[in-house]
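Listed here are the chains, written in short residue letters.
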Amino acid sequence: MPSFEGRPPAIAGRLAAVRERIEAAAERVGRDPASIAVIAVSKRKPVEDIVAAYEAGQRDFGENYVQEFAAKSELLPPLDDARFHFIGKLQSNKAGKAAGLFSTIHTLDSSKLARRLDRFGKPLEVFLEVKLSAEESKSGMDPGLLGAVLEDVAAASNLRLAGLMTMPPWNADPEHARPYFRHLRELAERHGIGGLSMGMSHDLEVAIEEGATHLRVGTAIFGPRDPLPG
Ligand SMILES: *Cc1c(COP(=O)(O)O)cnc(C)c1O
């Protein structure tokens, strides 16, 4: 029998610690902590963990894999007011399925994907993912394409622009993320966009200092993830 004993209190405690970190960072730069949303990233974590976080007051959840969340959503009890955000790499052939499962897509990075998501016919909030590093493995659009994709989103009847998103190259030192976060904020200001999805467990303070409105926090809430198989 797998035991989930100890999990709910651990998750509630870690959520409280994350909220304290957010309040402290927001206070340092004179921001209202209520203007900063936390998306609890539950990828590769069981539904019991999502329920435990929900019971501790968490309402926004992030998932990276369409198939994984399709399976988990079958097992989830009804969670009133919970919102599920897709934050992983989205293949356009999975766009329809993702549109059905999620309320918000953080990784819209092409005109093609915008059309596919719009075609599903369900109102969706979208963040445009921008690639700000030369690193090959990272997804996201070239910043030069932003204007065109913004027009596609404005023309789409079912998509509402929520903001921009970026994912800096991994580095244990959170200060390494600062120039990427700052660049994203400058891009957003230039286009008159308010939402900024940036900052994870280890660099959320820097993200808040640079203007993040949506933090995507996994490990600091749910604990370390098992390594990917293979
Ligand atoms: C996994 C993931 C996160 C959360 O990362 P943690 O370091 O566990 O907080 C945030 N954003 C994206 C896009 C992710 O894939």
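Residues numbered from 1 in each chain as written. Predicted model: local features only at pLDDT ≥ 70, side-chain atom pairs only at ≥ 80, totals over all residues. Heavy atoms only, no water.

(A) Layout of the side chain of Ser 201. Counting through the fold element by element, Ser 201 comes out in the loop between β7 (196–197) and α8 (204–209). A relative accessible area of 14% means that Ser 201 is categorised as buried. (Helix = DSSP H or I, 4+ residues; strand = E, 2+ residues; numbered from the N terminus. Buried < 20%, exposed > 50% of the residue type's maximum accessible area, 1.4 Å probe, protein only.)

(B) Spatial organisation of the packing of aromatic side chains. As enumerated under the stated definition, the model contains 4 aromatic pairs in all. Ring centres of Phe 69 and Phe 102 lie 4.9 Å apart, and the angle between their planes is 35°; this geometry places the pair in the tilted category. Here the residue Phe 69 occupies a position in helix α3 (residues 66–75), and Phe 102 occupies one in the loop between α4 (95–101) and β4 (104–108), the gap between them amounting to 33 residues. The same class applies to Phe 69 as to Phe 102, namely buried. Among the aromatic residues, those joined into a ring-pair cluster are Phe 61, Phe 69, Phe 84, Phe 86 and Phe 102. Between the NZ or CZ atom of Arg 59 and the centre of the ring of Tyr 54, over which it lies, the distance is 3.7 Å. (Phe/Tyr/Trp six-rings, centres within 6.5 Å; stacked < 30°, edge-to-face > 60°. Lys NZ or Arg CZ within 6 Å of the ring centre and 35° of its normal.)

(C) Quick look at the nonpolar core. In this structure, Leu 108, Leu 117 and Leu 164 are the most contacted members of the largest nonpolar core, which totals 64 residues. Every residue in contact with Leu 164, bar those within four places of it in the chain, is listed here: Phe 127, Leu 128, Val 130, Leu 146, Leu 184, Leu 187, Ala 188, Ile 193, Gly 195, Leu 196 and Ser 197. (Core = buried A, V, L, I, M, F, W, Y, C linked by side-chain atoms within 4.5 Å. Contact = heavy atoms within 4.5 Å.)

(D) Expanded view of the site of the ligand. As a matter of local geometry, the ligand sits amid Val 41, Lys 43, Asn 64, Ile 87, Met 167, Met 200, Ser 201, Arg 216, Val 217, Gly 218, Thr 219 and Arg 225. Side-chain polar atom of Asn 64 to an oxygen atom of the ligand: 2.6 Å apart, as the coordinates give it. When isolated, the ligand has an accessible area of 390 Å², and the protein chains bury 92% of it. Residue classes in the shell around the ligand are distributed as 5 nonpolar, 4 polar and 3 charged. (Near = heavy atom within 4 Å. Polar contact = N/O pair within 3.5 Å; in protein donor to acceptor, adjacent residues only side chain to side chain. Areas by Shrake-Rupley, 256 points an atom, 1.4 Å probe, with all protein chains shown as cover. Nonpolar A, V, L, I, M, F, W, Y, C, P; charged D, E, K, R; others polar.)

(E) Inspection of the pairing of strand β6 (residues 159–165) at higher detail. Of all 7 residues in β6, 5 are buried; the element is thus mostly enclosed. Sheet topology places strand β5 (residues 124–129) next to β6; 6 bridges connect them, and they run parallel. Within β6, the residue paired with Leu 128 across the bridge is Leu 164. Where β6 and β7 come together, 2 bridges link them in parallel fashion. For Met 165, the partnering residue across the bridge sits in β7 and is Ser 197. With helix α7 (residues 178–190) bridging β6 and the parallel β7, this β-α-β connection has right-handed handedness. (Pairing = 2+ DSSP bridges. Right-handed = clockwise from strand over helix to strand, strands pointing away.)

(F) Here's a closer look at the pattern of salt bridges. Under the definition given, this model contains 13 salt bridges. The partner of Glu 209 in a salt bridge is Arg 28, and the shortest N-O contact between them spans 3.5 Å. Separated by 181 residues along the polypeptide, Glu 209 in helix α8 and Arg 28 in helix α1 (residues 7–28) bring together distant segments of the chain. Taking the relative accessible area as the measure of exposure, Glu 209 reaches 26% and is therefore partly exposed. (Salt bridge = Lys/Arg side-chain N within 4 Å of Asp/Glu carboxyl O.)

(G) View of unusual backbone geometry. Positioned with a positive phi, Arg 44 is a non-glycine residue whose angle comes to about 60°. Locating Arg 44 in the fold gives a position in the loop between β1 (37–41) and α2 (47–55). According to the relative accessible area criterion, Arg 44 is partly exposed, its value standing at 26%. Here Asp 81, not a glycine, exhibits a phi torsion of approximately 70°, which is positive. Here Asp 81 lies in the loop between α3 and β3 (83–86). A relative accessible area of 59% means that Asp 81 is categorised as exposed.

So far we have only geometry, and geometry alone does not tell us how the molecule works.
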